[in-house]
Each structure stands twice: as C-alpha cells, then as structure tokens.
Amino acid sequence: MAATQTTNSEFPYSLTISLPLPSNRLASSALRALEVDAELSPLVRRDFTLKSPSSQNQADGDKAKTVLETTYRATTNRMLRVAVNGFMESLGVVLGVMEELDVDVLEEESKE
C-alpha cells in the first residue's frame, strides 16, 4: 500500500482512456500492438488492461473483455498531455489498420 501512495505522489497527474472494441480478439490485438512502444520519458507511466463492459456478465471470462483501458500517470500536466497525444496518434494507426485489414470489422460494417 505504501508503494502505491509513493507512486501516486511521484506521478500526481493521471488519465484513464477506455476504448470499447467489437470483440476480445480486437481488444487484445490493439493492446499487443500498442504496448510494444515503451514510454520514452521516465516522467510518464502507462498501464494497459482489458476489461468487460459494465453491462456484461463477468462470468463470460476473457471473451467478455472487449474494453481496452489505458491509464497514464505523469509528473506534470504537460508530460501527461504530450504522452497522451502520442498515444492517440498510435491508436489512430492501429484502429485504421484494423478497419482496413480485419475481416470481422469489414463484415460488421456490411451488416449495418
């Protein structure tokens, strides 16, 4: 518990981004694609998790985990903003590739 409090005081600025995706496979793919790029600054920390939407039953296991949650913590507001801007650019590339190349996404669009 003390380590968490120390970490929070070292990185007082935080932001959590929750991105719902159509399936666990896409959420997992996005997580794996985004986590390979480490944060360049020691003044920023980033964590990824996959979660189930609040309306889903938790008994469904990993298949229900379709929300990619990214939490940023930083020492200053400016460092948080810079890190999140870079993340959003990378996220745009990952989602664009999914839209262009993923068969399931294309099938989902044609149903609408």
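Residues numbered from 1 in each chain as written. Predicted model: local features only at pLDDT ≥ 70, side-chain atom pairs only at ≥ 80, totals over all residues. Heavy atoms only, no water.

In the nomenclature of an unreviewed UniProt entry, the protein chain is known as Pcc1-domain-containing protein of Aspergillus calidoustus. In its Sequence similarities (unreviewed entry) section, UniProt records this for the protein chain: "Belongs to the CTAG/PCC1 family." (UniProt positions renumbered as here; feature names shortened; annotations may be inferred.)

### As for a nonpolar patch on the surface
Where nonpolar side chains cluster on the molecular surface, the patch consists of Val93, Val97 and Leu101 and spans about 300 Å² of accessible area. Structurally, the position occupied by Val97 is in helix H3 (residues 77–101). (Patch = residues over 30% accessible without salt bridge, like charges linked within 9 Å, V, L, I, M, F, W, Y side chains within 5 Å. Areas by Shrake-Rupley, 256 points an atom, 1.4 Å probe, with all protein chains shown as cover. Salt bridge = Lys/Arg side-chain N within 4 Å of Asp/Glu carboxyl O. Helix = DSSP H or I, 4+ residues; strand = E, 2+ residues; numbered from the N terminus.)

### Notes on the pattern of salt bridges
Taken as a whole and assessed by the stated rule, the structure comprises three salt bridges. Of the charged contacts in the structure, one is a salt bridge between Glu39 and Arg46, with a shortest N-O distance of 3.2 Å. Here Glu39 falls in the partly exposed class, since its relative accessible area comes to 26%. Assessed through its relative accessible area of 19%, Arg46 is described here as buried. (Buried < 20%, exposed > 50% of the residue type's maximum accessible area, 1.4 Å probe, protein only.)

### Quick look at the environment of Arg25
As for its placement among the helices and strands, Arg25 is situated in helix H2 (residues 24–35). In sequence terms Arg25 and Lys65 are 40 residues apart; their C-alpha atoms lie 9.1 Å from each other.

### A few points about the packing of H2 against H3
At a minimum axis separation of 10 Å, H2 and H3 run at an interaxial angle of 135 degrees. One element, H2, and the other, H3, form an angle in the oblique class. As for the relative orientation of H2 and H3, their crossing is right-handed in sense. Where H2 approaches H3, its residues Leu26, Ser29, Ala30, Ala33 and Leu34 are matched on the opposing element by Phe87, Ser90, Leu91, Val94 and Met98. In the contact of H2 with H3, the residues fall into eight nonpolar, two polar and no charged. (Axes fitted to C-alpha atoms, helices over the stretch in contact; angles between N-to-C directions. Parallel < 35°, antiparallel > 145°, perpendicular 65-115°, else oblique. Left-handed = near helix turned anticlockwise from the far one by under 90°. Contact = heavy atoms within 4.5 Å. Nonpolar A, V, L, I, M, F, W, Y, C, P; charged D, E, K, R; others polar.)

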